[in-house]
Amino acid sequence: MTSDSGPSSSQPADLAHARDYFAAHGRLPEGTHVRDVILQSWRRSRHHAADRAGIAVATPSQVPVDSALVHAAREAVADRWSWLTDLPHALVLTDGEGRVLERWADDPSITAALDGLRIVPGASQSESAVGTSSVGIALEGGLDVGVWGAEHYRSDAADLASAGSPVLQPVTRRVIGTINAYSRLVHASPLMLALVHEVARSVEDALTHRHAEHDRDIVEAYLESIEDSSEPVLCVNEHSIVGNAAAAARLESLDQTMLWELASRTISADGPFLAWVSLADGTDTVAVTCAPIEREGRVVGAVLRPVPSAQAESAHAAHRLLPDLVGASPAWLRLCERIDRSLVERRPMSLVGEPGVGKSAVVAALARSRTTVTLIAHSGSDEAAWLRQVDAAVRSEVELVVMENLHLLSPAELVGTTRALSRSWRTDGPQLLVTWTRSRSQPPGAVEVEWSGDNHEVPALRNRLEDLPMLLDAISRDHGAHIEWSPEAVQALSRVPWAANLRSLAILVGRLTRDRPSGTIRLDHLPAEIRASATHLGLSGLDRVEAQAIAKALTAANGNKKRAADMLGIARSTLYRKIQALGLDLENTTY
């Protein structure tokens with residue numbers, strides 16, 4: 001789609017005045033006309049308080065020079081380099097956030113102009129940074145557009161002409177970048193729009209070809225994996241699936257998007273892992289091993305194999321140590337194995353983790369079948385009295401001594417406590433267990449208590465997402481609800497950045513089960529802000545913030561899309577496009 005065919009033969013003398021007046025007052029001067037696509041962009045630019053005088057250039061290390069988008073653009077421009085040598089134009093490639101990735105120019109005058117305006121690799125040309133330009137409108141509207149002279153929001157770009165075309169990801173059709181042509185206004189031509197459109201489509205063709213190469217990779221991996229035709233095997237990347245009949249019979253009702261989710265997680269994982277996934281018909285939970293497909297040092301997909309029932313049972317048996325808790329993820333099973341080893345060797349141990357990960361639940365499970373003394377640390381308590389309690393507990397005849405919240409002790413109290421433990425502990429005495437909460441910003445394993453015992457990290461929810469279906473079922477039962485969770489809802493919840501881990505999850509489950517104590521929880525039953533957080537895989541931080549802002553505006557507008565668009569300073573059509581591009585399923589939400 002193209003917003004115009006080219007620059008007008010002349011520009012109104014008062015266009016620059018109209019732009020400056022709008023920037024100051026939020027409206028056009030009486031009797032002034034500006035193209036709608038430009039006026040909408042001015043509104044967004046003013047809403048973002050875009051810098052009209054210049055921006056800081058990002059450091060070169062922030063520019064991904066080896067991405068598929070950059071390689072595809074270089075190929076496309078190389079095939080059309082003669083176009084640039086005949087015209088006083090420059091071509092610029094940006095990413096999906098408006099950051100300049102590459103620039104091509106032969107004409108010294110346009111090169112100097114772009115340098116002066118800091119349209120250089122590493123610099124942002126998004127609407128939120130510099131306001132109206134071909135980059136911002138192409139990203140915002142997903143269309144070919146020309147911006148001529150004083151239509152640019154920057155006051156120092158009045159002598160510039162720009163034309164932009166969005167680059168779409170071949171499979172998802174999301175805007176992932178732009179191709180832009182720049183020239184002096186006196187050299188502006190409709191050919192600029194034709195040029196960027198042609199180059200952008202060529203970039204998309206090159207990306208499509210690269211995807212086809214990735215498909216060949218997973219086909220080859222499948223042929224290498226399928227030694228026994230009766231063994232179920234699936235080879236998956238983010239847009240293709242290759243498998244045999246055995247895998248189809250075992251996983252025929254597994255949601256396809258969940259397979260892509262597993263492939264994406266495998267690509268970012270350190271190595272093979274075991275995942276537990278719910279079949280789409282809700283009849284069963286299947287264990288699946290996920291191993292990476294590597295080509296030339298890069299992970300390009302995943303090999304997925306359903307685990308035989310006997311093997312799955314052995315995985316469940318590994319955490320019978322904590323029978324009241326659920327989990328079968330590698331991180332959870334590793335914790336159970338380490339706790340079991342500490343118990344067998346009768347070594348003191350600490351449970352370390354972020355707030356809400358379930359340290360108290362582990363303590364309660366371990367204490368359930370043991371005589372126990374529990375001490376709760378408090379900041380500013382009577383240190384002498386506290387140390388007497390510690391000494392007495394360790395010398396007692398109970399089986400387990402628990403000290404919770406040692407992170408609340410002062411440094412002096414902590415030193416005294418560890419000394420008391422070292423002085424009183426004996427191998428034939430009680431098992432010692434302490435808990436320590438660390439902040440999310442601290443690295444895993446960070447613990448300040450120094451002793452000869454074992455420190456065990458209780459995994460955060462984001463590191464045990466394979467357990468999410470079982471956790472949802474268990475928490476639902478704890479709330480007295482008899483509900484099922486649809487695969488789409490579980491998948492969405494697996495993408496949410498749970499700030500307080502299991503505590504946050506329990507709050508959400510309680511909120512949902514109060515209104516729906518039985519039946520099935522579907523995707524459209526989840527709160528709007530949760531679904532806004534559960535956007536496409538790989539969303540950048542900017543995408544996530546934008547998705548949350550849209551959900552908040554829709555909630556404030558009681559679902560009225562026009563009012564929400566007005567609040568956000570965008571057109572209603574743009575709001576619908578963003579909802580679709582970000583993967584937000586808000587159409588059936590009750591506000």
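Just so it is clear, the structure is predicted and the values come from calculations on it, not from any experiment. (Residues numbered from 1 in each chain as written. Predicted model: local features only at pLDDT ≥ 70, side-chain atom pairs only at ≥ 80, totals over all residues. Heavy atoms only, no water.)

Asks: So what's going on with the overall build of the protein? Which residues, and what values?
Replies: Across its full length, the protein holds 22 helices and 17 strands. Carbon and sulfur atoms make up 51% of the accessible area of the protein, which amounts to about 26,600 Å² in all. (Helix = DSSP H or I, 4+ residues; strand = E, 2+ residues; numbered from the N terminus. Areas by Shrake-Rupley, 256 points an atom, 1.4 Å probe, with all protein chains shown as cover.)

Asks: Let's hear about the packing of helix α16 (residues 468-478) against helix α18 (residues 502-515): which residues, and what values?
Replies: At a minimum axis distance of 10 Å, the contact between α16 and α18 shows a crossing angle of 55 degrees. Relative to α18, the element α16 lies oblique. By crossing handedness, the relation of α16 to α18 is classed as right-handed. Here Leu468, Leu471, Leu472, Ile475 and Ser476 of α16 come into contact with α18, specifically with Leu502, Leu505, Ala506 and Val509. Each residue belonging to the contact of α16 with α18 can be placed in one class, and the counts come to eight nonpolar, one polar and no charged. (Axes fitted to C-alpha atoms, helices over the stretch in contact; angles between N-to-C directions. Parallel < 35°, antiparallel > 145°, perpendicular 65-115°, else oblique. Left-handed = near helix turned anticlockwise from the far one by under 90°. Contact = heavy atoms within 4.5 Å. Nonpolar A, V, L, I, M, F, W, Y, C, P; charged D, E, K, R; others polar.)

Asks: I'd love a proper account of helix α21 (residues 561-568), names of residues and values included.
Replies: Taken together, the buried positions of α21 are occupied by Lys561, Ala564, Ala565 and Leu568. Angularly, the buried residues of α21 cover 100 degrees about the axis, an arc narrow enough to put them on a single face. Of the residues flanking the end of α21, it is Gly569, one or two places downstream, whose phi is positive at about 75 degrees. (Buried < 20%, exposed > 50% of the residue type's maximum accessible area, 1.4 Å probe, protein only. Arc of directions from axis to C-beta.)

Asks: Quick rundown of the pairing of strand β2 (residues 100-105)? Include the residues and the values.
Replies: Where strand β1 (residues 90-95) meets β2, five bridges bridge the pair, whose relative direction is antiparallel. Note on β2: the bridge partner recorded for Val92 is Arg103. Counting the residues between successive antiparallel strands, the hairpin from β1 to β2 contains four residues, one of them, Gly98, with a positive phi of roughly 90 degrees. (Pairing = 2+ DSSP bridges.)

Asks: So what's going on with the pairing of strand β4 (residues 160-168)? Residues and values would help.
Replies: Among the nine residues that make up β4, nine are buried, leaving the element largely enclosed by the rest of the structure. Side chains Leu160, Ser162, Gly164, Pro166 and Leu168 project from β4 onto one buried face, and the interleaved Ala161, Ala163, Ser165 and Val167 project onto a second face that is buried too. Note: strand β3 (residues 145-148) against β4, four bridges, orientation antiparallel. Residue pairing across strands places Val145 opposite Gly164, the latter belonging to β4. For β4 and strand β5 (residues 175-184), the ladder comprises nine bridges, and the chain directions are antiparallel. Looking at the pairing, Val167 lines up with Gly177 of β5.

Asks: With reference to specific residues and values, describe the packing of aromatic side chains.
Replies: The description of two aromatic rings rests on the distance between their centres and on the angle between their planes. A full pass over the atoms with the stated rule returns one aromatic pair. On the basis of an interplanar angle of 40 degrees and a centroid distance of 5.9 Å, the ring pair of Phe22 and Trp42 is categorised as tilted. Taken as a pair, Phe22 in helix α1 (residues 15-25) and Trp42 in helix α2 (residues 36-47) lie far apart in primary sequence, 20 residues in all. The buried category is assigned to Phe22, whose relative accessible area is 3%. We classify Trp42 as buried; its relative accessible area is 0%. (Phe/Tyr/Trp six-rings, centres within 6.5 Å; stacked < 30°, edge-to-face > 60°.)

Asks: Tell me about the environment of Asp454, and name the residues and values.
Replies: Mapped onto the elements, Asp454 comes out in strand β15 (residues 454-457). A relative accessible area of 17% means that Asp454 is categorised as buried. Considered as a pair, Asp454 and Ile339 are 115 residues apart in the sequence and their alpha carbons are 8.8 Å apart. In terms of polar contacts, Asp454 uses its side chain to reach the side chain of Arg347, at 2.9 Å. (Polar contact = N/O pair within 3.5 Å; in protein donor to acceptor, adjacent residues only side chain to side chain.)

Asks: Outline the side chain of Glu204, listing residues and values.
Replies: Along the polypeptide, Glu204 turns up in helix α8 (residues 191-225). What makes Glu204 buried here is its relative accessible area of 8%.

Asks: Tell me about the side chain of Ser41, residues and numbers included.
Replies: Inspection of the secondary structure puts Ser41 in helix α2. Judged by relative accessible area, Ser41 falls into the buried class, the value being 0%. If we skip the residues at most four places from it in the chain, Ser41 touches Glu127, Thr132 and Ile137.

Asks: Can you tell me about the environment of Ala367, naming the residues and giving the values?
Replies: With respect to the helices, strands and loops of the structure, Ala367 is situated in helix α13 (residues 359-367). Judged by relative accessible area, Ala367 falls into the partly exposed class, the value being 21%. Residues Ala367 and Val402, spaced 35 residues apart in sequence, show a C-alpha to C-alpha distance of 8.6 Å.

Asks: I'd like a rundown of the nonpolar core, residues and numbers included.
Replies: One finds Leu69, Leu91, Leu93, Val167, Ile179, Val199 and Val203 to be the most contacted residues of the largest nonpolar core, which totals 25 residues. Those elements that provide at least two residues to this core are α3 (68-79), β1, β2, β4, β5 and α8. The element best represented in this core is α8, accounting for nine residues. Aside from chain neighbours lying at most four places away, what touches Leu93 is Leu69, Val70, Ala73, Arg99, Val100, Leu101, Glu102, Trp104, Thr178 and Ile179. (Core = buried A, V, L, I, M, F, W, Y, C linked by side-chain atoms within 4.5 Å.)

Asks: I'd like a rundown of the sheet that holds β15, residues and numbers included.
Replies: Taken together, five strands build an open sheet; the order of strands is β12-β13-β14-β11-β15 and the sheet is parallel. A strand with exactly one partner marks an edge of an open sheet, and here the two such strands are β12 (372-376) and β15. Across the sheet, the mean angle from the axis of one strand to that of its neighbour is 20 degrees, orientation sign disregarded. Bridging between β12 and strand β13 (residues 400-404) involves five bridges; their strand directions are parallel. Looking across to β13, one finds that Val373 is bridged to Val401.

Asks: Residue-level account of the pattern of salt bridges, with values.
Replies: Inspection of every chain in the model, using the stated rule, returns 16 salt bridges. Linking Asp115 and Arg103 is a salt bridge whose minimum nitrogen-to-oxygen distance equals 2.9 Å. Here Asp115, found in helix α5 (residues 108-116), pairs with Arg103, found in strand β2; they are 12 residues apart in sequence, far enough to count as distant. For Asp524, the salt bridge is made with Arg522, and the minimal N-O distance between the two is 3.3 Å. Judged by relative accessible area, which is 42%, Arg522 ranks as partly exposed. Through salt bridges with shared partners, a single ionic network connects Arg44, Glu127 and Glu140. (Salt bridge = Lys/Arg side-chain N within 4 Å of Asp/Glu carboxyl O.)

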